[in-house]
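Residue-level structure breakdown
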Amino acid sequence: MGLGTTCIRGGYAPGNGEPRQVPIIQSTTFRYETSEDMGKLFDLEAEGYFYSRLQNPTCDLVAAKIAELEGGCAAMLTSSGQTANFFAVFNIACVGDHVVASNSIYGGTYNLFAVTMAKMGVEFTFVSPDCTDEELAAAFRPNTKAVFGETIANPALTVLDIERFAKAAHDHGVPLIVDNTFPTPINCRPIEWGADIVTHSTTKYMDGHAATLGGCIVDAGRFDWMAHAEKFPGLCTPDESYHGITYAERFGREGAFITKATAQLMRDFGAMASPQSAFMLNLGLESLHVRMRRHCENAQAIAEHLAAHPQVSWVSYPGLAGDKYYERAQKYLPNGSCGVISFGCTGGRAAAERFMKSLKVAHIATHVADAATCCLHPASSTHRQMSEEELAAAGVPGDMVRLSVGLEDAADLIADIDQALNS
Ligand SMILES: *Cc1c(COP(=O)(O)O)cnc(C)c1O
């Protein structure tokens, strides 16, 4: 079935007389006839639910839809995108291990890796998404356990050469993890290009209405953990906290990664999506294919308009002919990239600040990927602690505006942008 059909029908197929909409199973716990029945669940010998800190039926139905959309074979929801990326990495890399990551990633993920996970003893080497094959190969160490990147980076809008990063990861016997938040599976399916694990902040386009925080991890089910058993003892040797189960043996390539992340990380951290949030996310997913097309059409029209505007000094948008990432976007994102554009105001920082003040339709918000257009001046908000030199070095110059184009009528957005630029 096509992706549009999967957006609506994936994951959940109601039987005769059953609810059309995914039922919200708002229950922390589940009842059993005997303790033996429940014991089998605890030993992962039978499938079923016992406590919503680990797994909940509503969340699983929605995760199954996202797995279908991405072409993966197992998935789990998490309470946020941050949790999805933390779990995806921590599931295979712990103290003493090392990960190669693109340096062009979401600021929250960079901090998670470079500060918080560093405190847990996981070391990261950050490489440019545009590094040479030699530079990429040189980043690997004997204790490297994964490679991480974003399909389209937030907010830099760099496009990852997924095939090349997947090959480098596989040549070194480790999986590639790709955060596919910005394009969503409607515009790119990283698994088709060699990614092994795909993560999402579902808070963005998947929810799409600035309503519900969440994340998701999808496993392609292709990485052969047992072939690299010495690198992945957590998957390939017995887990004493689960009566000696060896995940990669018992659940195979298809089930090992998500089962371990559920049984160990979700059990111990409890960063679960709530059933209510999963239900809201599913409403967003039902229109994802329609909304992504409109986000991209609007953004394309606005990017082209901005590129021709005398008050705009530069525009960055992967769908814009002449953009640094245009060719790569044509390969990986032929049907559209995302709705986020960044651009510079002629006249620098002061002009950008005046532009922001003059907007009447676009909201000023840190959020992106919302039905409502929102706009951010990083230098005076998210990055305000940085000096002009630091801002330039971080690729967030003072003249830069980040625009997340929503689903309003493009003509209204363009009129709003024009009056603000001309002010
Ligand atoms: C927002 C975002 C995250 C973090 O997700 P939250 O849901 O805010 O925790 C991770 N990766 C990318 C690419 C994002 O845009």
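The structure this text deals with has already been given above.
Rules and cut-offs
- Residues numbered from 1 in each chain as written.
- Predicted model: local features only at pLDDT ≥ 70, side-chain atom pairs only at ≥ 80, totals over all residues.
- Heavy atoms only, no water.
- Helix = DSSP H or I, 4+ residues; strand = E, 2+ residues; numbered from the N terminus.
- Expected span 1.5 Å × (residues − 1).
- Buried < 20%, exposed > 50% of the residue type's maximum accessible area, 1.4 Å probe, protein only.
- Phe/Tyr/Trp six-rings, centres within 6.5 Å; stacked < 30°, edge-to-face > 60°.
- Lys NZ or Arg CZ within 6 Å of the ring centre and 35° of its normal.
- Disulfide = S-S within 2.5 Å.
- Salt bridge = Lys/Arg side-chain N within 4 Å of Asp/Glu carboxyl O.

Now for the environment of E408. Looking at the secondary structure, you find E408 in the loop between β12 (400–404) and α17 (410–422). Between the alpha carbons of E408 and A372 there is a distance of 7.0 Å; along the sequence they are 36 residues apart.

Further remarks concern helix α13 (residues 288–307). Count 3.6 residues to each turn of an α-helix, and residues three or four apart come out pointing the same way. A rise of 1.5 Å per residue sets the reference length of α13, with its 20 residues, at 28 Å; its end C-alpha atoms lie 28 Å apart and thus fit the reference within 8%. Of all the residues in α13, the buried ones are L288, H289, R291, M292, H295, C296, N298, A299, I302, A303 and L306.

What follows is about the packing of aromatic side chains. Both the distance between ring centres and the angle between the ring planes are used here to describe each pair of aromatic rings. In the structure shown here, the tally under the stated rule is 19 aromatic pairs. With a centroid separation of 6.4 Å and 70° between ring planes, the pair formed by F90 and F269 is classed as edge-to-face. In this pair, F90 sits in helix α4 (residues 81–90) while F269 sits in helix α11 (residues 252–269), placing the two residues 179 residues apart along the sequence. In this arrangement the basic side chain of K204 is found over the ring face of Y106, its NZ or CZ atom lying 4.9 Å from the centre.

On to the state of the cysteines. Within this structure, the stated rule accounts for zero disulfides. Cysteine C7 remains unbridged, with the sulfur of C216 as its closest cysteine sulfur at 13 Å. There is no disulfide at C338, and the cysteine sulfur nearest it, in C296, is 6.7 Å away. On the basis of relative accessible area, C338 is assigned to the buried category, the value being 0%.

Counted according to the given criterion, the structure contains 16 salt bridges. One salt bridge connects K167 with D171, and the closest N-O pair in it is separated by 2.8 Å. Of this pair, K167 and D171 both sit in helix α7 (residues 162–171), four residues apart, which is roughly one turn of that helix. One exposure class covers both K167 and D171, and it is exposed. One salt-bridge network, held together by shared partners, links D130, K324 and R328.

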